[in-house]
Amino acid sequence: MHFSIATIAAFIAVASALPAYNHVVHEKRDAAPAKWVKRSKMDGDVHLPVRVGLKQRNLHRGDEWLNEVSNPSSKKYGQHWSIEEINDAFAPSQESTDKVLEWLSAHGVVSVGKAPALHTLEFDMSVADIERLLKTEFFVYEHTETGKPHVACEEYSVPAHLREHIDIITPTLHFDSKPKSAAKKRYGVSKTYKDTDVQSCVDTISPDCLRALYNIPDVSSTKPCGENSFGVVEYSDNSYIPSDLDAFFTNYSKPAVGSYPELVSIDGGVIDDSNVTDFELHGESNLDFEYAIPLVYPQKVTLYQVGDGGFDPSNASFIKTKVVSTSWGQNEWELTPAYERSLCHEYMKLGLAGVSILFSTGDYGVAGSAISGDSCSNGTDRFQPDFPATCPYVTAVGATMVDPSIKDLASVLKNGGQPEIAINHTLSTPDGEIVSNVKSGGGFSDVFAIPDYQKDVVAKYFKNHKPTYSAAQYNNSGHARAIPDLSLNGAKYLTVIGGELTTSDGTSAATPVLAAMITLVNEARLSKGKKSLGFLNPAIYKNFDRFGKDVTVGANPGCDTEGFEAVEGWDPVTGLGTVDFEKMLQVLGEL
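Residues numbered from 1 in each chain as written. Predicted model: local features only at pLDDT ≥ 70, side-chain atom pairs only at ≥ 80, totals over all residues. Heavy atoms only, no water.

In the annotation of an unreviewed UniProt entry, the protein chain is listed under the name tripeptidyl-peptidase II and assigned to Lophium mytilinum. What UniProt states about the protein chain under its Subcellular location (unreviewed entry) heading is, verbatim, "Secreted, Extracellular space". In its Function (unreviewed entry) section, the UniProt entry covering the protein chain states "Secreted tripeptidyl-peptidase which degrades proteins at acidic pHs and is involved in virulence." (UniProt positions renumbered as here; feature names shortened; annotations may be inferred.)

So this is what it looks like as structure tokens:
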């Protein structure tokens, strides 16, 4: 949709008679995120793409509507909405649209587009004009590690009478150009490609190890349901190398050789096949697809390759698959609450549409995306949960590892035991090698309230295992969204990078694996004429005792503390625990 000059001509005529606007601060930040340094004033002649998010109607009913289609106890379970129904239900009022257009026209904006989701106005404007529009100043910031620039301001204002009509405006003070992948560690390995016996899974993980750990069938000889779909989000410049995927598949999933994800480019996202040995450029994407594809093959996997747009609250509607896995995130404190709520609402809408959204929880324990070592990422003692994992409308995935002391893994699995503990940076193999440098992210949100589906388990946690940390260190109210929801293995995944076999760690390894499992459950449901699972959490929390395994050993250190501890029941290290796929299929497949 586009508002042309003719469409807003009436507003321009009125504008000349308007009194001077009384501006009030709409959003403000006290400091730039970690590792960003202000360098210089932004050139006023440069044009930027401006997005004005309008307040949406009926957001207060989002929880109610999502619960109706996601809670197995509801009579409307599985009755997902169409995109048109979602857009109509949450579209801004005509009054909001008209008043904001009137304000923009008074400042010379004569051509305004409207995003497909109907709640965002789009136009280009010079920095100097944006500064006058929003009573602000723009600066160029530089990332101290990557050297990449980012344009932002420290606060911006809007006319007082428009505050009730405007949600957020970008680009302003949101450092959203690119989120961070869950930090993985790379190790050399002495293993050959042929080490696939179950006991080898204590040391390294392959697709067959995951099948053994979680009772996942090999579906490579089956015919996929045409209605099923599975997507993985990556952020440029990180992209996969086809030859690496083929080298991995040749040894661990022969039927998948030559199978690559189908590309959907978002905001200019491209596949960059340069510097093939660069782990930072290709490690995340290679890891995701070297495991996502074999576990669901021959089901096609979609790659949503996002360019510099990053997390755009007007842009989540690009998701078209029934499951989407994202191994990227940011410290919750690095984005503004308004921005995070806006994006979270888009995930709520995707849940209404029947999409399952999964995010990793980060790899620095309670320290968030740490500045260095175990120090808190915001320079204080406060623990830092990861966003979007803290959004209550996504499934947050933590990481575990096989206990390296196990001598007979096959027997443990045969007897239905739990061979895993929280991923742990303090344990070493018999030869003295640290098993993993990752600490699974987890904790309690400072932005989002606790959702109904996890109130009981979190209340039990605080009643029986409340940590001794103070309210200054974390949100200990018992009323905050708590993460993770589930965990899976995230240690020593065999991966091929630049033609060489290595291993990778992280919650980002666990996330696409759980997403692949959900895709297989959807396959069974769709084949029976049922709907996709959609938003997972209500069904998971209600039924976990029927298909899950508790994890009670380990912790997630950070912020110069021991972090939280894994305990009986839900905990902020491994969530509810891990899953048995066959049991999960039986339970969730029949809802």
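Focus on the overall build of the protein chain
Counting secondary structure elements, the protein chain contains 14 helices and 28 strands. Relative to its full complement of 591 residues, the protein chain shows a buried share of 59%. Nonlocal contacts in the protein chain, meaning residues at least 24 apart in sequence, comprise 80% of its contacts between residues at least 6 apart. Carbon and sulfur atoms make up 49% of the accessible area of the protein chain, which totals about 22,300 Å². (Helix = DSSP H or I, 4+ residues; strand = E, 2+ residues; numbered from the N terminus. Buried < 20%, exposed > 50% of the residue type's maximum accessible area, 1.4 Å probe, protein only. Contact = heavy atoms within 4.5 Å. Areas by Shrake-Rupley, 256 points an atom, 1.4 Å probe, with all protein chains shown as cover.)

Examining the environment of Thr502
With respect to the element layout, Thr502 can be found in strand S26 (residues 500-504). Given a relative accessible area of 2%, Thr502 falls into the buried group. Thr502 sits ten residues away from Lys492 along the chain, and the two C-alpha atoms are 8.6 Å apart.

Considerations on the pairing of strand S20 (residues 395-402)
The element S20 is extensively covered by neighbouring structure, given that eight of its eight residues are classed as buried. Going residue by residue along S20, you find Thr395, Val397, Ala399 and Met401 tucked away on one face and Ala396, Gly398, Thr400 and Val402 tucked away on the opposite face as well. Inspection of the sheet shows strand S18 (residues 356-360) paired to S20 by three bridges, in the parallel sense. Directly across from Ser360, in S20, lies its bridge partner Val397. Pairing analysis gives four bridges linking S20 to strand S24 (residues 486-489), with the strands arranged parallel. (Pairing = 2+ DSSP bridges.)

Some points on the packing of aromatic side chains
Under the criterion given, the structure shown has 26 aromatic pairs. Judged by centre distance (5.8 Å) and plane angle (70°), the rings of Tyr453 and Phe535 are edge-to-face. Separated by 82 residues along the polypeptide, Tyr453 in the loop between strand S22 (443-449) and helix H11 (455-465) and Phe535 in the loop between helix H12 (507-527) and helix H13 (537-547) bring together distant segments of the chain. A single burial state applies to Tyr453 and to Phe535, both of which are buried. (Phe/Tyr/Trp six-rings, centres within 6.5 Å; stacked < 30°, edge-to-face > 60°.)

Quick notes on the state of the cysteines
Throughout the structure, instances matching the rule amount to three disulfides. There is a disulfide in this structure between Cys344 and Cys391, and the S-S distance comes to 2.0 Å. Between Cys344 and Cys391, the S-S torsion sits near 80°, and that sign places the bridge as right-handed. Taken together, the positions of Cys344 in helix H9 (residues 337-352) and Cys391 in the loop between strand S19 (386-387) and S20 put the pair 47 residues apart, joining distant regions of the chain. Of the two residues, Cys344 and Cys391, neither departs from the other in class, the shared state being buried. (Disulfide = S-S within 2.5 Å.)

Looking at the UniProt feature "active site" (unreviewed entry) in the protein chain
Under the UniProt annotation, the feature "active site" (unreviewed entry) is placed at Glu284, Asp288 and Ser508. These annotated residues cover 225 residues of sequence, and their C-alpha atoms all fall within 7.8 Å of one another, placing them together at a single site. Tracing the backbone through its elements, the reader meets Glu284 in helix H8 (residues 279-296). With respect to the helices and strands, the residue Ser508 is situated in helix H12. Side-chain polar atoms of Ser508 contact the side chain of Glu284, separated by 3.4 Å. (Polar contact = N/O pair within 3.5 Å; in protein donor to acceptor, adjacent residues only side chain to side chain.)

Some thoughts on the packing of helix H2 (residues 62-70) against H9
Orientation of H2 relative to H9, taken along the N-to-C sense of each, is 30°, at an axis distance of 9 Å. Overall, the two elements H2 and H9 adopt an arrangement that is roughly parallel. Where H2 crosses over H9, the handedness of that crossing is left-handed. Contacts from Gly62, Trp65, Leu66 and Val69 in H2 reach Met348, Gly351 and Leu352 in H9. In terms of residue class, the contact of H2 with H9 is made up of five nonpolar, two polar and no charged. (Axes fitted to C-alpha atoms, helices over the stretch in contact; angles between N-to-C directions. Parallel < 35°, antiparallel > 145°, perpendicular 65-115°, else oblique. Left-handed = near helix turned anticlockwise from the far one by under 90°. Nonpolar A, V, L, I, M, F, W, Y, C, P; charged D, E, K, R; others polar.)

As for the pattern of salt bridges
Applying the stated rule across the entire model yields 15 salt bridges. Between Glu122 and Arg51 there is a salt bridge; the shortest N-O distance is 3.7 Å. One end of the pair, Glu122, is in strand S6 (residues 120-126); the other, Arg51, is in strand S4 (residues 47-54), with 71 residues separating them in the sequence. With a shortest N-O distance of 3.3 Å, Asp237 and Lys148 are connected by a salt bridge. You can see Asp237 sitting in the loop between strand S13 (231-235) and helix H7 (242-252) and its partner Lys148 sitting in the loop between strand S7 (139-143) and strand S8 (149-152), a full 89 residues away along the chain. A residue is classified by how much of its surface remains accessible, and Asp237, at 34% relative accessible area, is partly exposed. (Salt bridge = Lys/Arg side-chain N within 4 Å of Asp/Glu carboxyl O.)

Here's the deal with the pairing of S6
With five of seven residues buried, S6 lies mostly within the body of the structure. Where S4 lies against S6, seven bridges are found, and the strand directions are antiparallel. Directly across from Val50, in S6, lies its bridge partner Phe123. In this structure, the hairpin formed by strand S5 (residues 112-114) and S6 is closed by a connection of five residues, where Leu118 is found at a positive phi of approximately 75°.

A closer look at the nonpolar core
It is characteristic of soluble globular proteins that their nonpolar side chains tend to be buried jointly. The biggest cluster of nonpolar side chains holds 147 residues, and the ones touching the most others in it are Trp103, Phe444 and Met517. Among the elements that make up this core, the one with the highest residue count is H12 (ten residues). Split by domain, this core shows at least three residues from each of two domains, domain 1 (23-56 + 92-170) and domain 2 (198-589). Apart from residues no more than four positions distant in its own chain, Met517 is found in contact with Tyr214, Ile216, Leu488, Val579, Phe581 and Met584. Membership of the second largest hydrophobic core comes to six residues, among which are Met401, Ile421, Ile423 and Val438. (Core = buried A, V, L, I, M, F, W, Y, C linked by side-chain atoms within 4.5 Å. Domains from an automatic or database assignment.)

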